[in-house]
Amino acid sequence: MSNFIRSKWFLLVSICLFLLVLTGLSKSIPIIPEAVGRYVSIPFAPVEKLVTMGANKIEDATTFFRDIQTVRKENEDLKAQIDSVEKENRELKEFRQENKDLRKALNIKDQFASMEPIGANIIAKDAGNWFDTFIVDRGINDGISNDFPVITSEGLVGRVTQPNSVSSKVEALIDRNTIISARISQKGDLVRVKGDIQYRDMGLCIMDRIPPEADIVAGDIVETSGIGGIYPRGILIGKVKEIRKSNDEINKYAIIEPAVDFRRLDEVIILKKQ
Amino acid sequence: MRNKLVYFSILLYGIIIIQTTLLDYIRVYNVKPNLVLIFIICIALIRGGLEGAFFGLTAGLLQDILTGNNIGPYALMGFLVGFSLGDFNKRFYKDNFFACAIITFIVSLIYESVFFIPSFSFYNLELILAIFKSDILVETVYNVVMSVPIYILTLKINNTIDIKEKTVNKY
């Protein structure tokens with residue numbers, strides 16, 4: 001017995017057991033990874049930020065000359081668009097005022113009103129290929145806390161899963177662990193949007209729990225439902241790309257194309273709840 | 001000993017930073033290589049199982065804490081990889097980087113498959129094979145290609161540490 005304790009197999013078994021217990025504990029008691037991550041991330045975050053900023057600059061410089069031609073053409077197209085957009089803008093301003101007045105009249109609580117937007121840069125990505133998490137350069141020191149929604153001007157990105165001192169871990173909408181309660185705009189059907197390993201590489205996610213009577217077609221807009229308490233209602237998730245039948249031939253699911261392009265994401269906005 | 005620890009810590013810090021930042025710019029078929037795993041393999045092959053296991057455990061723990069969802073899975077896998085390759089380092093010449101490439105191939109296949117197994121219940125066989133091909137196989141090949149220069153680099157660092165330690169021991 002004493003020989004076994006001194007052997008390398010004892011070391012192997014005991015460390016493996018310890019790590020298995022640690023995995024279980026950190027899963028059931030989220031305070032453990034939070035407390036450890038808060039301090040371990042401090043020496044990494046500034047260097048990661050520096051490296052990513054440098055790499056982004058180099059990437060911008062290399063694409064600069066290629067971009068010039070496309071920019072010139074785009075400029076002409078955009079000038080043509082401005083006129084029609086200005087007209088639309090005037091109309092929308094009127095609608096906004098009208099919307100405000102109507103909301104006031106109906107006493108609808110604006111979930112965004114109590115949230116303060118905080119800009120953040122993505123400084124690092126997940127180390128492996130299986131998850132879609134990334135690190136942003138805002139943390140507890142900036143008032144960030146668990147489950148704060150993360151968005152861009154285009155739509156929903158995900159949520160903060162672990163705030164550290166000067167950085168935070170964000171789980172993207174296309175990560176395989178993500179589940180979001182959503183609704184189809186205009187039609188109002190409640191659905192569930194979740195990440196999927198198969199579609200994640202293409203920057204897509206899937207939508208299931210579609211009510212049988214729901215009439216959903218490709219192109220329908222999907223937004224957060226506000227149920228669950230993490231995401232306020234009405235953040236754009238994306239649009240339906242394709243509808244498919246699941247294996248049992250009764251239920252159907254849809255492939256969602258998120259409004260945010262996860263492959264070109266540098267900056268995000270964290271919605272700070274007050 | 002102290003020298004070695006300093007070298008390993010600097011190396012580990014650098015690898016983790018590169019793995020989480022720069023590697024995203026050189027993705028092939030949307031997959032990036034696993035630099036941390038390659039270094040664990042190289043160190044286990046060059047310095048032996050104990051140091052390989054220790055390096056694997058520390059590297060895995062850092063990966064878990066910094067980007068993982070739980071603390072433990074990467075640490076366990078890193079430790080096991082380092083530990084299990086311990087006996088190999090006595091069996092072939094250290095200059096033989098071909099052996100490193102073959103071992104990287106086998107270990108990457110197993111390592112990545114282990115992280116994929118929990119998702120098996122959600123998919124049918126056809127999909128599992130498709131994901132295996134598009135993710136695991138691509139990463140494995142990428143790792144093998146990267147393993148040769150990294151092995152040579154690790155060997156150079158190792159020789160520097162050895163020479164320094166010998167000169168220190170002389171006096």
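Residue indices follow the written sequence of each chain, beginning from 1 at its first position. Chains and ligands are labelled by the order in which they are written, letters from A for the one and numbers from 1 for the other. Owing to the predicted nature of the model, reporting of local features is limited to residues with pLDDT of at least 70; listing and counting of side-chain atom pairs is limited to 80 or more, with chain, interface and lining totals taken over all residues.

Caption draft 1: Spotlight on the overall build of chain B. Per the convention used, a helix needs a DSSP run of H or I reaching at least four residues, while a strand needs a run of E reaching at least two, with both numbered from the N terminus. The helix and strand tally for chain B stands at six helices and zero strands. Using C-alpha atoms as the atom set, the radius of gyration is obtained and then compared with a globule rule of 2.2 Å times the number of residues to the power 0.38. The C-alpha atoms of chain B give 17 Å as radius of gyration, which agrees with the globular expectation for 171 residues (16 Å, within 12%). In terms of overall dimensions, chain B has C-alpha extents of about 65 × 30 × 30 Å along its principal axes. Put simply, a residue is buried when 20 or more other C-beta atoms lie within 10 Å of its own C-beta and exposed when 12 or fewer do; between those, it is partly exposed, and each C-beta is set from the backbone. Residues classed as buried in chain B amount to 42% of the 171 residues present. By the criterion used throughout, residues are in contact when their C-beta atoms, derived from the backbone, lie within 7 Å. Of all intrachain contacts in chain B linking residues separated by at least 6 positions in sequence, the fraction that spans at least 24 positions is 72%.

Caption draft 2: Main features of the nonpolar core. Counting residues in each nonpolar core, the largest one holds 82 residues, and the members touching the most others are Ile40, Ile41 and Val81 of chain B. Ranked by residue count, the leading element in this core is helix α2 (residues 35-47) of chain B, at 11 residues. Each nonpolar core reported here comprises buried Ala, Val, Leu, Ile, Met, Phe, Trp, Tyr and Cys residues connected via C-beta atoms within 7 Å.

Caption draft 3: Spotlight on the sheet that holds strand β1 (residues 115-125) of chain A. Residues and elements named next belong to chain A. What makes two strands pair is DSSP finding at least two bridges between them. Read around the closed barrel, six strands run β1-β2-β5-β4-β3-β12, paired in antiparallel fashion. When strand polarity is set aside, the average angle formed by the axes of neighbouring strands in this sheet is 45°. Strand direction decides the pairing type here: strand β3 (residues 149-151) and strand β4 (residues 156-163), joined by three bridges, are antiparallel. Its bridge partner lying in β4, Val150 is registered against Gly158. Angles here are taken between N-to-C directions and fall from 0 to 180 degrees, while the axes themselves are lines fitted to C-alpha atoms, restricted in helices to the stretch in contact.

Caption draft 4: Highlighting the packing of α2 of chain B against helix α4 (residues 73-84) of chain B. Residues and elements named next belong to chain B. For the pair α2 and α4, the least separation of the axes is 8 Å and the interaxial angle reads 30°. Classified by the angle between their axes, α2 and α4 sit roughly parallel to one another. In the packing of α2 onto α4, the handedness of the crossing is right-handed. Packed against α2, whose contacting residues are Leu37, Ile40, Ile41 and Ala44, the element α4 presents Gly78, Val81 and Gly82 at the interface. Throughout this entry, Asp, Glu, Lys and Arg are counted as charged residues, while Ala, Val, Leu, Ile, Met, Phe, Trp, Tyr, Cys and Pro are counted as nonpolar. The remaining residues, Gly among them, count as polar. For the contact of α2 with α4, the class distribution of residues is five nonpolar, two polar and no charged. Any angle between 65 and 115 degrees counts as roughly perpendicular, while under 35 counts as roughly parallel, over 145 as roughly antiparallel, and the rest as oblique. Note on convention: the crossing is left-handed when the near helix lies turned anticlockwise from the far helix by less than a right angle, right-handed when the turn is clockwise.

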